[in-house]
Amino acid sequence: MDTLWTDFVNSEWHDWRGSGRSENRLVLTAWQDAFLDKWKLEAPVPAMGQEIDEMQTFRRHLHRLAAELAAGGSISQTDREWLNTMMAPGLVRRHLDGDEQAMRLFLSPVGNDWRQVMAEVAADFAKTLLEGESLRIRICENADCKWVFYDDTRNRTKRYCDDKMCGNLMKVRRFRARKKAEMKKET
Ligand SMILES: [Zn+2]
């Protein structure tokens, strides 16, 4: 499941196949365009140097919180205040939508800059905490990958971001390690 905040945090991409290569996609205009488009947000592209700096600091902090939650930790008072600071510049407009049976209150962002974008990302993360979904936050157990994701399985047993990619790769690695150990024993 892709959410606004995990999508943002995962803009720091690591090659899950283990080449050691990583890519800071946040700085790429193609990523910025696609991200804004996907989440229906507005901000000037390309983002300016100072905005990029702020967003990278923000992303680091968010990644640390995600890692702490994934490890069974909780959010401190300081972290809560930090989230409030990040959400403060993001003003919203409220409106009702849908029919009588399924009416919903929508909050749409007013600003059209990267501060507003960060406020939306922070709010999305905060929402995860409120809905008690923080127990589902995971960081892919493939140490080369580090992808942040939600465990949407019922038993909360998902260990890898993608079973076909990281899951398979780790299975192959375990298999090879076992074979090697067996061969050592035989000789
Ligand atoms: Zn992964």
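Refer to the structure presented above.
So, here's what we can say about the structure. Going along each chain's sequence as written, the residues are numbered from 1 onward. Reporting in this predicted model follows two pLDDT cut-offs: at least 70 for local features of residues, and 80 or more for side-chain atom pairs to be given and counted; totals over whole chains, interfaces and linings ignore these cut-offs and use all residues. As a rule here, side-chain values cover all heavy atoms of the structure and leave hydrogens and water aside.

**Here we look at the overall build of the protein**
A count of helical and extended segments in the protein gives 6 helices and 6 strands. Only runs of H or I of at least four residues qualify as helices and only runs of E of at least two qualify as strands under DSSP, and these elements are numbered from the N terminus. Shown N-terminal to C-terminal, the secondary structure of the protein runs as helices and strands in the order α-β-β-α-α-α-β-β-α-β-β-α. Projected onto its principal axes, the C-alpha positions of the protein cover 70 × 40 × 35 Å. Categorising residues by exposure relies on relative accessible area from a 1.4 Å probe, with only protein chains included: less than 20% of the type maximum marks a residue as buried, more than 50% marks it as exposed, and the intermediate range marks it as partly exposed. Across the 187 residues that make up the protein, the buried fraction comes to 35%. In what follows, a contact means two residues having at least one pair of non-hydrogen atoms within 4.5 Å. Sequence separation of at least 24 residues holds for 55% of the intrachain contacts in the protein that already meet a minimum separation of 6.

**Focus on the pairing of strand S4 (residues 104-109)**
Every other side chain in a regular strand lies on the same face of the sheet, so the side chains alternate between the two faces. Summarising burial for S4: 0 of the 6 residues are buried, a small minority. Between strand S3 (residues 92-97) and S4, which pair antiparallel one after the other, the connecting turn spans 6 residues, and Gly-98 there sits at a positive phi close to 90°. For two strands to be treated as a pair, DSSP must find at least two bridges joining them.

**Brief notes about helix H4 (residues 77-87)**
Buried residues of H4: Asp-79, Trp-82, Leu-83 and Met-86, and no others. Along the axis of H4, the buried residues cluster in a sector spanning 100°; they form a single face. Buried residues along H4 sit in contact with helix H3 (49-70) and helix H5 (114-130). To be clear, the arc concerns the directions from the helix axis to the C-beta atoms.

**Digging into the pattern of salt bridges**
Two side chains with opposite charge may pair up if their charged atoms get near one another. Whenever a carboxyl oxygen of Asp or Glu lies within 4 Å of a side-chain nitrogen of Lys or Arg, that contact is scored as a salt bridge. In this structure the tally under the stated criterion is 13 salt bridges. Of the charged contacts, one joins Glu-12 and Arg-59 as a salt bridge, the two residues approaching to 3.3 Å between their closest N and O atoms. You can see Glu-12 sitting in strand S1 (residues 12-14) and its partner Arg-59 sitting in helix H3, a full 47 residues away along the chain. Judged by relative accessible area, Arg-59 falls into the buried class, the value being 5%. Salt-bridge contacts for Glu-23 lead to Arg-25; the nearest nitrogen and oxygen are separated by 2.9 Å. Taking relative accessible area as the criterion, Arg-25 reaches 26% and is therefore assigned partly exposed. Each of Asp-2, Asp-7 and Lys-38 takes part in salt bridges that share partners, so that together they form one network.

**Quick look at the nonpolar core**
The set of buried Ala, Val, Leu, Ile, Met, Phe, Trp, Tyr and Cys residues whose side-chain atoms join them within 4.5 Å is what this entry labels a nonpolar core. In terms of nonpolar packing, the biggest core is built from 31 residues, with Trp-5, Phe-58, Val-121 and Phe-125 touching the most fellow members. Elements supplying a minimum of two residues to this core: helix H1 (4-9), helix H2 (29-38), H3, H4, H5 and strand S6 (148-150). Among the elements that line this core, the one with the most residues is H3, at 7 residues. In contact with Trp-5, not counting residues within four places along its chain, are Leu-62, Ala-66, Val-121, Asp-124, Phe-125, Thr-128, Ile-137, Val-148 and Tyr-150. Of all hydrophobic cores here, the second largest spans 7 residues; its members include Trp-16, Cys-145, Tyr-160 and Met-170.

**What about the coordination of the zinc ion?**
Atoms are scored as donors when they are N, O or S and lie within 2.8 Å of the metal, with 3.2 Å used for Na, K and Ca; no water is included, so coordination may look incomplete. Donor atoms from the polypeptide that bind the zinc ion are Cys-140 (SG), Cys-145 (SG), Cys-161 (SG) and Cys-166 (SG), placed at 2.3 to 2.4 Å. Here a site with four donors is tetrahedral if all angles are between 85 and 135 degrees, and a site with four or six donors is square planar or octahedral if opposite donors are over 155 degrees apart and the other angles are between 65 and 115; anything else gets the irregular label. Considering all 4 donor atoms around the zinc ion, angles at the metal cover 105 to 117° and the coordination shape is tetrahedral. Look at where the donors of the zinc ion fall in the sequence and you get C-x4-C-x15-C-x4-C. Taken together, the positions of Cys-145 in the loop between strand S5 (137-139) and S6 and Cys-166 in helix H6 (residues 163-186) put the pair 21 residues apart, joining distant regions of the chain. Considered together, Cys-145 and Cys-166 belong to a single accessibility category, that of buried residues.

**Remarks on a nonpolar patch on the surface**
Together, Leu-96, Met-103, Leu-105 and Leu-107 line one region of the surface with nonpolar side chains, adding up to about 430 Å² of accessible area. Within the secondary structure, Leu-96 is located in strand S3. Like-charged residues are merged into a patch within 9 Å and nonpolar side chains (Val, Leu, Ile, Met, Phe, Trp, Tyr) within 5 Å, provided each residue has over 30% relative accessible area and no salt bridge. Working definition of accessibility: Shrake-Rupley area with a 1.4 Å probe, residue cover restricted to the visible protein chains.

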